Amino acid sequence: MAPTMLGVVLLVFLLFNWVGGDPAYVLAGKISNQEQIDNIRRQLGVDQPYYVQLWIFVKQILTADFGASWSTNESVSHILMTRLGPSLTVLIPLLILVTIIAVGLALAVAYVRGSLTDRMVMIVCTVGLSISILVYIIVFQYVFAYKLGWFPVQGWGNDFWENLIKYASLPILIGLTVSIAPNLRLYRTFVLDEINQDYVRTARAKGVGENRIMWIHVLRNASIPIITNLMAELPGLLLGSFLIERFFSIPGIGREVILAVERSDFPVIKAITVYVAFATIITNLLADLMYKAVDPRVQLK
Amino acid sequence: MPIDTALNPSAAPPREIPHAVSPGLWTLAWRRLKTDSVAMVSLAIVFAFILLMIVSGLGLIAKDWAKEVGINYAPPSWITLGATDAPPPALPGGAAEPNVPAGPTPGSAFNSTVVDPLADVIAELKGGKPADAGAAGGDDNKVVDPLADVMKDIRSDQAGAKAGPAAEERRATLPFGGDKWGRDIIAKTIKGSETSIFVGLASALVAVFIGTVLGAFAGYYGRWVDDVLNWFYSVFSSIPYLLLILAVAAVLQQKGTFTIVLILGLTGWSGVFRLIRAEYLKHKGREYVMAADALGASHSRKMFLHIFPNVSHVVLVQLSILTVGFIKAEVILSFLGFGVPVDVVSWGSMLNEAQNELILGKWWQLVAATIAMATLVTAFSLFTDALRDALDPKLKGRTGH
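Residues numbered from 1 in each chain as written. Chains lettered and ligands numbered in written order. Predicted model: local features only at pLDDT ≥ 70, side-chain atom pairs only at ≥ 80, totals over all residues.

1. Focus on the overall build of chain A
Here comes step 1: In terms of helices and strands, chain A carries 14 helices and 0 strands.
Here comes step 2: The linear arrangement of helices and strands in chain A, starting from the amino end, is α-α-α-α-α-α-α-α-α-α-α-α-α-α.
Here comes step 3: Buried positions account for 35% of the 301 residues belonging to chain A. (Helix = DSSP H or I, 4+ residues; strand = E, 2+ residues; numbered from the N terminus. Buried ≥ 20, exposed ≤ 12 C-beta atoms within 10 Å, placed from the backbone.)

2. Side note on the packing of helix α5 (residues 76-111) of chain A against helix α13 (residues 253-262) of chain A
Residue and element names in this part refer to chain A.
Here comes step 1: Contact pair α5 / α13: the axes reach a minimum separation of 7 Å and the direction vectors enclose 130°. The orientation of α5 with respect to α13, classified from their angle, is oblique. Here α5 contributes Ile79, Arg83, Leu84 and Ser87 to the contact with α13, which in turn contributes Ile253, Gly254 and Glu256.
Here comes step 2: Partitioned by chemical class, the residues of the contact of α5 with α13 number 3 nonpolar, 2 polar and 2 charged. (Axes fitted to C-alpha atoms, helices over the stretch in contact; angles between N-to-C directions. Parallel < 35°, antiparallel > 145°, perpendicular 65-115°, else oblique. Contact = placed C-beta atoms within 7 Å. Nonpolar A, V, L, I, M, F, W, Y, C, P; charged D, E, K, R; others polar.)

3. Quick word on the confidence of the model for chain A
Here comes step 1: For chain A, the average pLDDT comes to 78, and 86% of its residues sit at 70 or higher.
Here comes step 2: Least confident of the elements in chain A is helix α2 (residues 23-28) of chain A, whose mean pLDDT is 62; most confident is helix α10 (residues 198-205) of chain A, at 86. (pLDDT = per-residue confidence, 0-100.)

4. Thoughts on the nonpolar core
Here comes step 1: Counting residues in hydrophobic clusters, the biggest one holds 151 residues, and the most contacted among them are Leu134 and Val257 of chain A together with Leu351 of chain B.
Here comes step 2: When sequence neighbours within four positions are dropped, the list of residues in contact with Leu134 of chain A reads Leu243 of chain A together with Val331, Ile332, Phe335 and Leu351 of chain B. (Core = buried A, V, L, I, M, F, W, Y, C linked by C-beta atoms within 7 Å.)

5. Looking at the environment of Ser300 of chain B
Here comes step 1: Looking at where Ser300 of chain B falls in the secondary structure, it is placed in helix α13 (residues 299-336).
Here comes step 2: Once the C-alpha coordinates of Ser300 of chain B and Ala216 of chain B are considered, the two residues, 84 residues apart in sequence, prove to be 9.8 Å apart.

6. Comments concerning the packing of helix α14 (residues 347-359) of chain B against helix α15 (residues 364-391) of chain B
Residue and element names in this part refer to chain B.
Here comes step 1: The contact between α14 and α15 brings their axes to 8 Å, and the two run at 145°. Between α14 and α15 the crossing geometry is left-handed. Along its contact with α14, which presents Trp347, Met350, Leu351, Glu353, Ala354, Glu357 and Leu358, the element α15 presents Gln365, Leu366, Ala369, Ala372 and Met373.
Here comes step 2: Residues of the contact of α14 with α15, tallied by class, amount to 9 nonpolar, 1 polar and 2 charged. (Left-handed = near helix turned anticlockwise from the far one by under 90°.)

7. Considerations on unusual backbone geometry
All names here are of chain B.
Here comes step 1: Its identity as a non-glycine residue notwithstanding, Arg223 has a phi of 45°, on the positive side.
Here comes step 2: Along the chain, Arg223 falls in helix α8 (residues 223-238).
Here comes step 3: Residue classification places Arg223 among the exposed positions, given that 8 C-beta atoms sit within 10 Å.

As structure tokens, then:
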């Protein structure tokens, strides 16, 4: 875990300080003389040798102080803290709903496996998956918000409940439409993996009801790959919603990344990349701990 | 025996004892694939698209996609529009510029040949947003148009071209409608398909190449090589994919089809690496590798001439999975303006234009790009599933497909 984190720091450092070239030129813009550039270089510390710069970067990560954003002069840590809330307002309800609906549908489809319904659901999923998320967002925003006026076209308020009910509902709906299909496909295979196991036959033989087999026996055993998948998706979702955040002007992490890339705002991208990577590593660890809770047979080394 | 026949070719070759050649992996897989009608139809569609890409790339079709053959936002010829939406056809000679059909835009105020029909809508959208979001991040509410400068250039060029006597009569309708500048949507979609499929295929090739080589080294040599490469892998895979792409796009600072191939290829190899590494771990202890070793084959020979053909089916499946993924990624990147340059059209840049056109009720570009992409991606995904099942029948029962 520690070596991986170190690696992420190194990779981001190399990417921005070495591949990216001299940030002073990006920052100074086109009209600048050598003196100004030297000044900026001194401020950023890029006139130092690489190992000193790396140490500066490590210190920045540890103290969570990345200085100010290049384009808005807002402190990067403040940007991160204020953008996290809106992202989570969309993300957490979305994650809960997607999981419940996808697991429920997967079990339901597994009941009728091999039937016409099963095949139709899978075909719909495959076709649905092949349409770009952009099309869903464009069409949903146009139809439900612009034409029908059921939801606000875009925006974000101050009140949590107003945000959740008024502004986040259409983004969550789009998120559901986009993520149920792949999850359903995946969870269906997890459930089908379990459904042919001996313990299912044993349970049937001793007269356990079909519902209990599905929802207690099979679900519990299928939950390990489901948890793996959920945990793997978690940090990606934070960014996966970035298109939604951009379209609906939700001031979240994802939109901040896009804005930062558009403005070449390196400190913001660096900070978000490093922290999201750390979050990924930690959720992977959490997933391991959850296996133990779900399945007592799992031994942690 | 071979010398005999060589010296005396007219003589019938000695009859060889017929022995049954057991079909190889690829022959068997192909046989299985042929019985699967869904797979064959998908394969045909994928081939048709690739053929389209090649033909269009060679300039045989859709070469003059950028030519403005119709009036602005020419509707598809097979729908009947209301009188309000149908602008008067342009007069020959190019003296009269066709009006932009969007009613509310005060075009004359700008004294420009092409006015932005969205100005009002965008202003409205901006105004409609709550002000507190802006307080947090300066110009947060700015609708960033990465194409603004180039559009200006294009417009002024266009204005120059119009003045010339060469302007032809533009058609009021086109087979599948026209875009903002009256370019034929069908030709544009073909050109966009060319870009998107090319980027998808090329970057998948790059990613598969990197993943295979690194995976082969890690799995074959093991020990510290494996440790180092595994560490490398876990570093890359712990940064979410899209974030990594965006970070690289931010750093590279330049747009181009080649750049985007490089970005996608350099960031997308980790899945291939893991699978190929596992395959090499499995294969390096097999008898045929030991036999090659005993014959004195070098490491690279064993890795790439002996083991590689036996794991190439994994590579092929990964290649098609990645192609689909990269086509989707390219569409998103180009949509955001970090992908292909502005003078290149791709499905992503078409969707970008279509977003604004839809508000005006001009849906055809959106539909064209969506249909083209959905058809290819569906066919490709179905084919990939079938290919995986055909190459690894054991998997079929397990995954329940």
